[in-house]
Amino acid sequence: MRLIEKVFNPTGKKHAGTLIFFHGSGDTGNGLTEWIRFLLGRDMEFPHIKVIIPTAPVQPYTPMGGENSNVWFNRKRIEMDCPEIRTSLASIYDTVNEMLVRELAAGVPLNRIVVGGFSMGGALAMHAGYHLNRDLGGVFAISSFLNTGSIVYDSLEGVAQDEHLPELLMMHGERDTLVPPEWGQTTFDELAKLGVRGQFVPHRTALHEIKRDQLVRVIDFVQKIIPEPEDNVFETPAPDTTKVSKKGKL
């Protein structure tokens, strides 16, 4: 499924990495783009990194009484202890893989791709980086959580101690009442037990929202994972699309 996408190409001469930023439930790529622009006073652009802000497909969403909404996947309730609807997740997995294949075909290696998002978008990013393809460079999540017994945890159970895992940045508002910060902290702690390295950063004044300083931290994180190459240092590798989808799905 090809999604509607807001794309910001590198402002410099080289495309040496890609950031995919997933919005929260009920939002759109345009909505997230405008939110970022309001907070930063500019678009999220980099000299060497392409930024993709896709819009989730419209589908029935059970927490809204089955009404159609732009959501990445369906769920029964917005509760940590609620089981995942894995058939719904499988559909968006295919779409995310298609996005990764396109970036690989453009010559961007997986370790120079960062995925992240807000709320449900952050959950999808964690599924993408720790279940779908653990060769990605990094994952960030703002005000997000994984369900208890998530397939992500199942997937990481079989990881060898020396296997590369994407670095994780999680941020969460301490005043968030929709997704309590304890859910985010628990998610981070569970991932850390399974070998994920990263940082959990609480925000004292944030509700269920993105704050400017969180975006600035995301920008720093992305540039650390995908540094700007020196002239003639970054060589575009031959695309190897076989590396996508090598992890389990369900």
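Residues numbered from 1 in each chain as written. Predicted model: local features only at pLDDT ≥ 70, side-chain atom pairs only at ≥ 80, totals over all residues. Heavy atoms only, no water.

By the naming in an unreviewed UniProt entry, the chain goes by palmitoyl-protein hydrolase and is assigned to Anopheles arabiensis. A UniProt comment under Sequence similarities (unreviewed entry) is attached to the chain, and it reads "Belongs to the AB hydrolase superfamily. AB hydrolase 2 family." (UniProt positions renumbered as here; feature names shortened; annotations may be inferred.)

(A) How the structure looks around the sheet that holds strand β6 (residues 113-118). Across the sheet, which stays open at both edges, the seven strands sit in the order β1-β3-β2-β6-β7-β8-β9 with mixed pairing between neighbours. The sheet terminates laterally at β1 (5-8) and β9 (198-203), the two strands that pair on one side only. For this sheet, the mean angle separating the axes of adjacent strands, direction not counted, is 15°. As judged from the three bridges shared by strand β2 (residues 18-22) and strand β3 (residues 50-54), these two strands associate in the parallel manner. Bridging across to β3, threonine 18 finds its partner in lysine 50. Docked against the sheet, helix α3 (residues 120-132) engages β2, β6, β7 (138-142) and β8 (167-173), running at close to 150° with respect to β6. (Pairing = 2+ DSSP bridges. Helix = DSSP H or I, 4+ residues; strand = E, 2+ residues; numbered from the N terminus. Axes fitted to C-alpha atoms, helices over the stretch in contact; angles between N-to-C directions. Contact = heavy atoms within 4.5 Å.)

(B) Representation of the pattern of salt bridges within the structure. A complete count under the given rule lists eleven salt bridges for this structure. Residues arginine 37 and glutamate 34 are paired through a salt bridge, measuring 2.7 Å at the closest nitrogen-oxygen approach. Highlighted residues: arginine 37 and glutamate 34, both in helix α1 (residues 29-40), separated by three residues, approximately one helical turn. On the basis of relative accessible area, arginine 37 is assigned to the partly exposed category, the value being 29%. Owing to a relative accessible area of 44%, glutamate 34 belongs among the partly exposed residues under this scheme. What emerges from the salt-bridge pattern is a single network uniting Glu34, Arg37 and Asp43. (Salt bridge = Lys/Arg side-chain N within 4 Å of Asp/Glu carboxyl O. Buried < 20%, exposed > 50% of the residue type's maximum accessible area, 1.4 Å probe, protein only.)

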